[in-house]
Amino acid sequence: MEKKIAVIRGDGIGPEIVNEALKVLDVIAEKYGHRFSYVDADMGGCAIDKYGDPLPQHELDKCLGADSVLLGAVGGPKWDSVPGNMRPEKGLLRIRAGMGVYSNNRPAKIWKQLASASPLKPEIVEKGIDFIIVRELIGGVYFGEHKTFEDGGEKVSEDVMRYSESEIERIGRIGFETARKRRKKLCSVEKSNVLDTSRLWKSVMHRLAEEYPDVELSDMLVDNCAMQIVKNPAQFDVIVTENMFGDILSDEASMITGSIGMIPSSSLGAGTNGLYEPIHGSAPDIAGKNIANPIGTVLSAAMMLRYSFDMPKEADDIEEAVGKVLSDGWRTADIMSGGEGLKSAGCSEMGDLICDAIKAMK
Ligand code: NAD
């Protein structure tokens, strides 16, 4: 299969970690007879330096013309004082809007080799943590009308939470499709005991469920879900929820798995062109030192293969290779603690080790 991937290396550790993900993709291409071609696109601080704009239209066009986009990270102290609408992070908002990605998908997976990094009790972690939160990204209260006004001699503020059936349906479908590619369990999270938007959410999810008889749908109130994520995370496969609930729950979920350097994400819209990036930032404190953990980016590339290119076996290979390297005791500096006989790997060595593990597989 031939695929064109737009590559945004970005700032800070971005170029280092993206390099390792590309090495891994090349090994997968070789093994399975695919052809991945890469188109570099500038976004963030480096684009400000080059073009005076964090994401010029011509760079966005490169991303829109590709089959998917792999992103490192953007931003850094060098650009902290530039005006708000010119900040590197504006590039992030612009690319999400430009690509029309309305669904953010963040896995919460604990690697058994790193279990001691979880703040949860061992008996909870031992049951396994491996779920995805599918969060609606461009609707709900964050995008409703916001206003502050005087009423009865005091200030009053309002933020409007609004969802249409079609907005709920399109994110619901991503939830069902994601569950179909995993263990086929979907938990729809809302606050239907209080909110009209949640009652509409729930009814749309149940209507959609008729089209996905192979997926088991359950409902959960968001307050209960926040408790269940720390009490019994093993029960979840895929959680689908609206923007603000997803924002809060996905941060909670990433905390229970340990290191920020390990977690990938995807953002998807109507087509298969997705935006794949680790959840961390550009880590300027460690940039250029070859000590960053590239695994979040490598696993983002695996998500691209699974969810945009329909290459589940190839994605499995990458995830299995990461597991093998961790089992062999290799660690980047951020995940070094808690264990005997661990071996230190730099960013590029970690990429090489993952490549070698893929090559060594049958
Ligand atoms: P950060 O995620 O960059 O770093 C937080 C801490 O985690 C740092 O100590 C860093 O060294 C460490 N860390 C992060 N990724 C790591 C990795 N792969 N391996 C090892 N250690 C890692 O967050 P921050 O310091 O708050 O932000 C730095 C810059 O990144 C800011 O300019 C911020 O705006 C930007 N940012 C960008 C994105 C993005 O591009 N999507 C997301 C968040 C922050």
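Further up the page is the structure itself.
Owing to the predicted nature of the structure, the values given are computational and were not obtained by experimental measurement. (Residues numbered from 1 in each chain as written. Predicted model: local features only at pLDDT ≥ 70, side-chain atom pairs only at ≥ 80, totals over all residues. Heavy atoms only, no water.)

Strands in a sheet are paired, the pairing made by backbone hydrogen bonds, and the direction either parallel or antiparallel. The strand order β2-β1-β3-β12-β11-β4-β5-β10-β8-β9 describes an open sheet built from ten strands, whose pairing is mixed. Both edges of this open sheet fall to β2 (35-40) and β9 (216-221), since each of them pairs with a single strand only. Recorded for the sheet is a direction-independent mean angle of 25 degrees between the axes of neighbouring strands. Note: strand β8 (residues 185-190) against strand β10 (residues 238-241), four bridges, orientation parallel. Pairing of Ser188 across the sheet is with Val240, part of β10. Sheet contacts for helix α6 (residues 165-180): β4 (103-109), β5 (130-136), β8, β9, β10 and β11 (264-268); angle to β5, the most-contacted strand, approximately 165 degrees. (Pairing = 2+ DSSP bridges. Helix = DSSP H or I, 4+ residues; strand = E, 2+ residues; numbered from the N terminus. Axes fitted to C-alpha atoms, helices over the stretch in contact; angles between N-to-C directions. Contact = heavy atoms within 4.5 Å.)

What follows covers the state of the cysteines. Taken as a whole and judged by the stated rule, the model has zero disulfides. Not engaged in a disulfide, the cysteine Cys63 finds its nearest cysteine sulfur in Cys46; these two sulfurs lie 12 Å apart. Cys347 carries a free sulfur, and the closest cysteine sulfur to it, the one in Cys355, is 12 Å from it. (Disulfide = S-S within 2.5 Å.)

Glancing now at the nonpolar core. Ranked by internal contacts, the top residues of the largest apolar core, which has 64 residues, are Phe36, Leu70, Phe176, Leu305 and Ile354. Among the elements that line this core, the one with the most residues is helix α10 (residues 295-308), at nine residues. The two domains that each donate at least three residues to this core are domain 1 (1-104 + 263-362) and domain 2 (119-256). Those residues in contact with Leu70, other than ones at most four positions away along the chain, are Ile5, Ala6, Val7, Ile8, Val18, Ala21, Leu22, Tyr276, Thr297, Ser300, Ala301 and Met304. Among the nonpolar cores identified, the runner-up in size contains 20 residues, and Phe131, Cys187, Met220 and Leu249 belong to it. (Core = buried A, V, L, I, M, F, W, Y, C linked by side-chain atoms within 4.5 Å. Buried < 20%, exposed > 50% of the residue type's maximum accessible area, 1.4 Å probe, protein only. Domains from an automatic or database assignment.)

Glancing now at the site of the ligand. Near the ligand lie 20 residues; those nearest to it are Val74, Glu89, Gly281, Ala283 and Asn293. Measuring from a nitrogen atom of the ligand, one finds a side-chain N or O atom of Glu277 at 3.3 Å. Asn293 is positioned such that a nitrogen or oxygen atom in its backbone is 2.9 Å from a nitrogen atom of the ligand. Calculation on the ligand without its partners gives an accessible area of 810 Å², and the protein chains cover 68% of this total. Partitioning the shell around the ligand into residue classes produces nine nonpolar, seven polar and four charged. (Near = heavy atom within 4 Å. Polar contact = N/O pair within 3.5 Å; in protein donor to acceptor, adjacent residues only side chain to side chain. Areas by Shrake-Rupley, 256 points an atom, 1.4 Å probe, with all protein chains shown as cover. Nonpolar A, V, L, I, M, F, W, Y, C, P; charged D, E, K, R; others polar.)

What follows covers the environment of Ser267. Examined against the element boundaries, Ser267 turns out to sit in strand β11. Given a relative accessible area of 0%, Ser267 falls into the buried group. Leaving out residues up to four positions away in the same chain, Ser267 has contacts with Val101, Ser103, Asn104, Asn105, Leu137, Gly274 and Leu275. In terms of polar contacts, Ser267 uses its side chain to reach the side chain of Asn104, at 3.1 Å.

On to the packing of aromatic side chains, then. Scanning the model with the defined rule gives four aromatic pairs in all. Ring plane angle 35 degrees and centroid distance 6.3 Å describe the contact between Phe36 and Phe309, whose orientation is recorded as tilted. Within this pair, whereas Phe36 is found in strand β2, its partner Phe309 is found in the loop between α10 and α11 (312-327), the two being separated by 273 residues in sequence. Judged by centre distance (5.9 Å) and plane angle (70 degrees), the ring pair of Tyr163 and Trp201 falls under edge-to-face. In this pair, Tyr163 sits in the loop between β7 (154-159) and α6 while Trp201 sits in helix α7 (residues 196-209), placing the two residues 38 residues apart along the sequence. When sorted by exposure, Tyr163 lands in the same class as Trp201, which is buried. Looking at Lys109, its charged tip hangs above the ring of Trp111, at a distance of 4.4 Å from the centre. Against the face of Tyr102 rests Arg170, its NZ or CZ located 4.2 Å from the ring centre. (Phe/Tyr/Trp six-rings, centres within 6.5 Å; stacked < 30°, edge-to-face > 60°. Lys NZ or Arg CZ within 6 Å of the ring centre and 35° of its normal.)

Our focus in this paragraph is helix α3 (residues 57-64). Those residues of α3 that fall on the buried side of the exposure criterion are Glu59, Leu60 and Cys63. With its buried residues spanning 100 degrees around the axis, α3 presents them on a single face. Packed against the buried residues of α3 are β1 (2-10), β2, α2 (45-51), β3 (68-73) and α4 (88-99). (Arc of directions from axis to C-beta.)

Tallied over the full model, the rule gives 30 salt bridges. Across the salt bridge formed by Lys62 and Glu59, the nearest N and O atoms sit 3.1 Å from each other. Note that Lys62 and Glu59 are positioned in helix α3 at a spacing of three residues, about one turn of the helix. You can call Lys62 partly exposed: its relative accessible area is 31%. We classify Glu59 as buried; its relative accessible area is 2%. Across the pair Arg199 and Asp196 runs a salt bridge, and its minimum N-O distance is 2.8 Å. Here the residue Arg199 and the residue Asp196 both occupy positions in helix α7, the gap between them amounting to three residues, near one helical turn. One network of salt bridges, in which partners are shared, links Glu165, Glu169, Arg173, Arg207 and Glu211. (Salt bridge = Lys/Arg side-chain N within 4 Å of Asp/Glu carboxyl O.)

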